[in-house]
Amino acid sequence: MKTNENTTITMKDIARELGVSVATVSRALKDSPRISTVQKERIKAFAREHNFYPNLTAEQLRHNRVRPSNIIGVIMPQIAHYYFSTILSGIEKQARIRGYNILVAQSEERCDLEKIICEHFIKNRVCGVIVAQAKDTVDYDHFEKLNDMGIPMVFYDRICTGINASRVVVDDYMGAFTAVTHLIETGCRRIAFYGASMKLVISKNRYNGYRDALLRHGLKTDESIEFICDNREDAEILTTKVLARPDRPDAFFAINDDTAIGILYTAKRMGLRVPEDVSICGFTNCERATACEPMLTTVEQRGQMVGEEAVDVLVAHVEGTLPKDKVEKKVVRTRLVVRGTTK
């Protein structure tokens, strides 16, 4: 058999050259006792001479046809983010209880990295994927590919409306509606909104909850105090300008706690009293909500429960108790936690 250093031989090649079956070659390379010592050494020596190595990926694929993988792929936009870390905790705990392992990757809010992760999951034969899409994801081909390959997905927090897949979310609309209603009922009349990109469903839902609470209580909406601002750094810069206005707001509703804490820090730095001069409400109930002064009123998202529910839905798809083409929609209720930044 003539080969060069760039030639890759297969078990079929070895079998043909040595006049044995492919099954015999396979058993010999696995050191099966069904093959004689002489035959095994003959086959192994030939394999070594021609730099043959078993295709482990192919072996794994054959194995998985008999026993499906028990690995769940998990995509987190930001693992360090408190809410996502609580979701991951719920996913890990429930997966372990259900007899599954998890393979976790971080998209860093990048669509290009999200696509690479999906390819990585496919190569590693995950049985399903739990994912919150990145902020800048507008192309969903990588999710469509998972769907086409029969790999079930469950979206959490940030769902992809263009994909027919199950989802587990918190009640963002009612959480925002309840928070803004609390601000109104405690005397606030000019409430600013700090949100994220309206490309995200959660942003739309929280914004709609904010607007509807104002309208329900007969208050006018004002687009001049509605902003795209979803992190502390930007909030500190923006709030300095907003609070310097002659028609400054008497309250703020922020899409997350970090943004709300940025508002709080700036208001105090400018000499305003919280909540006497300005009230502030966030959304998450992260650990920092109780580490600031005064402590932050916020909407609790119950991330651990979201993670647990996501695993249960995915496992139902994987194990066949829920058809893969049936979309399951789970909603986890929020809870308003009233603390010192509101009256």
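A few points on the structure. (Residues numbered from 1 in each chain as written. Predicted model: local features only at pLDDT ≥ 70, side-chain atom pairs only at ≥ 80, totals over all residues. Heavy atoms only, no water.)

Turning our eyes to something else, we now look at the nonpolar core. Among the nonpolar cores identified, the biggest contains 26 residues, and Ile-72, Phe-84, Ile-87, Ile-130, Tyr-156, Val-168 and Val-306 are the most heavily contacted of them. Looking at this core, the elements with two or more residues in it are strand 1 (71–76), helix 5 (82–97), strand 4 (153–156), strand 5 (166–170) and helix 12 (303–319). In terms of residues, this core owes the most to one element, helix 12, which gives seven residues. When near neighbours in sequence (up to four residues on either side) are disregarded, Ile-72 contacts Ala-95, Tyr-100, Asn-101, Ile-102, Leu-103, Cys-127, Gly-128, Ile-130, Leu-314 and Val-315. Grouped together as the second largest cluster of nonpolar side chains are 23 residues, Ile-225, Ala-235, Leu-243 and Val-278 included. (Core = buried A, V, L, I, M, F, W, Y, C linked by side-chain atoms within 4.5 Å. Buried < 20%, exposed > 50% of the residue type's maximum accessible area, 1.4 Å probe, protein only. Helix = DSSP H or I, 4+ residues; strand = E, 2+ residues; numbered from the N terminus. Contact = heavy atoms within 4.5 Å.)

Now for the packing of helix 6 (residues 111–123) against helix 7 (residues 141–148). Their axes nearest at 9 Å, the elements helix 6 and helix 7 cross at an angle of 20°. With respect to helix 7, the axis of helix 6 lies roughly parallel. You can see that helix 6 and helix 7 cross each other, and the crossing is left-handed. Contact with helix 6, carried on its side by Cys-111, Glu-114, Lys-115, Cys-118, Glu-119 and Ile-122, involves His-142, Phe-143, Lys-145 and Leu-146 of helix 7 and no other residues of that element. (Axes fitted to C-alpha atoms, helices over the stretch in contact; angles between N-to-C directions. Parallel < 35°, antiparallel > 145°, perpendicular 65-115°, else oblique. Left-handed = near helix turned anticlockwise from the far one by under 90°.)

On to the pairing of strand 4, then. Burial along strand 4 is two-sided: the face carrying Met-153 and Phe-155 and the face carrying Val-154 and Tyr-156 are both buried. Summarising the sheet, strand 3 (residues 128–131) and strand 4 pair through three bridges and their orientation is parallel. Directly across from Ile-130, in strand 4, lies its bridge partner Val-154. With helix 7 bridging strand 3 and the parallel strand 4, this β-α-β connection has right-handed handedness. Strand direction decides the pairing type here: strand 4 and strand 5, joined by three bridges, are parallel. Looking at the pairing, Val-154 lines up with Ser-166 of strand 5. (Pairing = 2+ DSSP bridges. Right-handed = clockwise from strand over helix to strand, strands pointing away.)

The next point concerns the side chain of His-142. In this structure, His-142 sits in helix 7. Among the residues examined, His-142 registers a relative accessible area of 7% and is labelled buried. A polar side-chain atom of His-142 sits 3.4 Å from the main-chain carbonyl oxygen of Asp-139. Excluding anything up to four places from it in sequence, His-142 contacts Cys-111, Glu-114, Lys-115, Cys-118 and Thr-137. (Polar contact = N/O pair within 3.5 Å; in protein donor to acceptor, adjacent residues only side chain to side chain.)

So, about the sheet that holds strand 6 (residues 191–195). Here six strands make up an open sheet; going across it, the order is 7-6-8-9-10-12 and the pairing mixed. At either margin of the open sheet sits one strand with a lone partner, and together these are strand 7 (226–228) and strand 12 (335–337). Going from strand to strand, the sheet's axes swing by 20° on average, the running direction of each strand aside. Pairing of strand 6 with strand 8 (residues 251–254) involves four bridges; the strand directions are parallel. From the neighbouring strand, Phe-193 faces strand 8, where its bridge partner is Phe-253. Together, strand 6, strand 7 and strand 8 form the strand contacts of helix 10 (residues 232–242), whose direction differs from that of strand 6 by roughly 155°.

We now examine the sheet that holds strand 11 (residues 329–332). Reading across the sheet, the six strands line up as 2-1-3-4-5-11 and stay open at both edges, with parallel pairing between neighbours. Strands with a single pairing partner mark the edges of an open sheet, and in this sheet they are strand 2 (101–106) and strand 11. For this sheet, the mean angle separating the axes of adjacent strands, direction not counted, is 15°. Of the strand pairs in this sheet, strand 1 and strand 2 are connected by six bridges, and their pairing is parallel. Bridging across to strand 2, Ile-71 finds its partner in Asn-101. In the packing of helix 7 onto the sheet, contacts are made with strand 3 and strand 4, and the angle to strand 4 comes to roughly 145°. Most of the contacts of helix 12 go to strand 5, to which it runs at about 170°, and overall it touches strand 1, strand 3, strand 4, strand 5 and strand 11.

On to the packing of helix 2 (residues 22–29) against helix 3 (residues 37–49), then. The contact between helix 2 and helix 3 brings their axes to 9 Å, and the two run at 90°. In terms of their interaxial angle, helix 2 and helix 3 are classed as roughly perpendicular. Between helix 2 and helix 3, the contacting residues are Thr-24, Val-25, Ala-28 and Leu-29 on the first element and Gln-39, Lys-40, Ile-43, Lys-44 and Ala-47 on the second. The residue makeup of the contact of helix 2 with helix 3, split by class, is five nonpolar, two polar and two charged. (Nonpolar A, V, L, I, M, F, W, Y, C, P; charged D, E, K, R; others polar.)

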